[in-house]
Amino acid sequence: LGGSGWQGLFVALNPGLLFAATHDLTEPLAAALIFAGLIAYLRGRIVLATVAFALLILSKEQFALIPAGVALWDLFRARRLKNAVILATSIVPAA
């Protein structure tokens, strides 16, 4: 995404994520799915982003706000109704 590779250490060496990884909690998986969904969205791969966000919601239901926020952003800022509807379908697992 244009940054230095060293910036990834801020996430990888986060004490909360290290604790969660050593105790088999869902936060590392959720963080990976958030990043995968956002990177796929930024690269224009909406279906892959939708799959990543749907899996994210299955890991923790509180994260249903992330695809909803991305869909609203796509709807109001970029005015792309089709992409917003596709992204909004990733919220279905929370229902």
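A quick note: this is a predicted structure, and the numbers were derived from the prediction, not measured.

## Some details on the environment of Trp73
And then number 1: Mapping Trp73 onto the fold places it in helix 5 (residues 65-76).
And then number 2: The exposure class assigned to Trp73 is partly exposed, which follows from its relative accessible area of 49%.
And then number 3: Residues Trp73 and Ala84, spaced 11 residues apart in sequence, show a C-alpha to C-alpha distance of 8.1 Å.
And then number 4: What Trp73 contacts, discounting residues up to four positions off in sequence, is Tyr41 and Ala78.

## Remarks on a nonpolar patch on the surface
And then number 1: Nonpolar side chains collect at one region of the surface, where Val47, Val51, Leu55 and Leu58 lie side by side and expose about 390 Å² of accessible area between them.
And then number 2: For Leu58, the location among the structural elements is in helix 4 (residues 46-59).

## Some thoughts on the nonpolar core
And then number 1: Ranked by size, the top nonpolar core spans 12 residues in total: Ala30, Leu33, Ile34, Ala40, Tyr41, Ile46, Ala49, Phe53, Leu56, Val70, Ala71 and Leu87.
And then number 2: Where this core is concerned, the elements lending two or more residues are helix 3 (27-42), helix 4 and helix 5.
And then number 3: A per-element tally of this core places helix 3 first, with 5 residues.
And then number 4: With residues near it in sequence (within four places) discarded, Ala30 still touches Leu56, Ser59 and Phe63.

## Some details on the confidence of the model for the protein
Detailed conclusions should not be drawn from predicted coordinates in areas where pLDDT is low.
And then number 1: When pLDDT is averaged along the protein, the result is 82, and 86% of the positions lie at 70 or above.
And then number 2: When mean pLDDT is taken per element in the protein, helix 4 scores highest with 91 and helix 1 (residues 9-12) scores lowest with 68.

## Describing helix 4
And then number 1: The end-to-end C-alpha distance of helix 4, which contains 14 residues, comes to 20 Å, matching closely the 20 Å that a straight helix rising 1.5 Å per residue would cover.
And then number 2: Considered for burial, the residues of helix 4 that qualify are Ile46, Ala49, Thr50, Ala52, Phe53, Ala54, Leu56, Ile57 and Ser59.

## Some remarks on the side chain of Asn83
And then number 1: Considering the arrangement of structural elements, one finds Asn83 in helix 6 (residues 81-88).
And then number 2: Accessibility expressed as a relative area gives 17% for Asn83, which makes it buried.
And then number 3: Residues contacting Asn83, with those up to four places away along its chain left out, are Ile46 and Asp74.

## Comments concerning the packing of helix 3 against helix 5
And then number 1: For the pair helix 3 and helix 5, interaxial distance at closest approach is 11 Å and the crossing angle is 15°. Looking at the two axes, helix 3 sits roughly parallel to helix 5. Crossing geometry of helix 3 relative to helix 5 is assigned as right-handed. Contact residues: helix 3 offers Ile34, Leu38 and Tyr41, while helix 5 offers Ile66, Val70, Trp73 and Asp74.
And then number 2: Along the lines of polarity and charge, the residues of the contact of helix 3 with helix 5 split into 6 nonpolar, no polar and 1 charged.

Reading the values: the criteria
- Residues numbered from 1 in each chain as written.
- Predicted model: local features only at pLDDT ≥ 70, side-chain atom pairs only at ≥ 80, totals over all residues.
- Heavy atoms only, no water.
- Helix = DSSP H or I, 4+ residues; strand = E, 2+ residues; numbered from the N terminus.
- Buried < 20%, exposed > 50% of the residue type's maximum accessible area, 1.4 Å probe, protein only.
- Contact = heavy atoms within 4.5 Å.
- Patch = residues over 30% accessible without salt bridge, like charges linked within 9 Å, V, L, I, M, F, W, Y side chains within 5 Å.
- Areas by Shrake-Rupley, 256 points an atom, 1.4 Å probe, with all protein chains shown as cover.
- Salt bridge = Lys/Arg side-chain N within 4 Å of Asp/Glu carboxyl O.
- Core = buried A, V, L, I, M, F, W, Y, C linked by side-chain atoms within 4.5 Å.
- pLDDT = per-residue confidence, 0-100.
- Expected span 1.5 Å × (residues − 1).
- Axes fitted to C-alpha atoms, helices over the stretch in contact; angles between N-to-C directions.
- Parallel < 35°, antiparallel > 145°, perpendicular 65-115°, else oblique.
- Left-handed = near helix turned anticlockwise from the far one by under 90°.
- Nonpolar A, V, L, I, M, F, W, Y, C, P; charged D, E, K, R; others polar.

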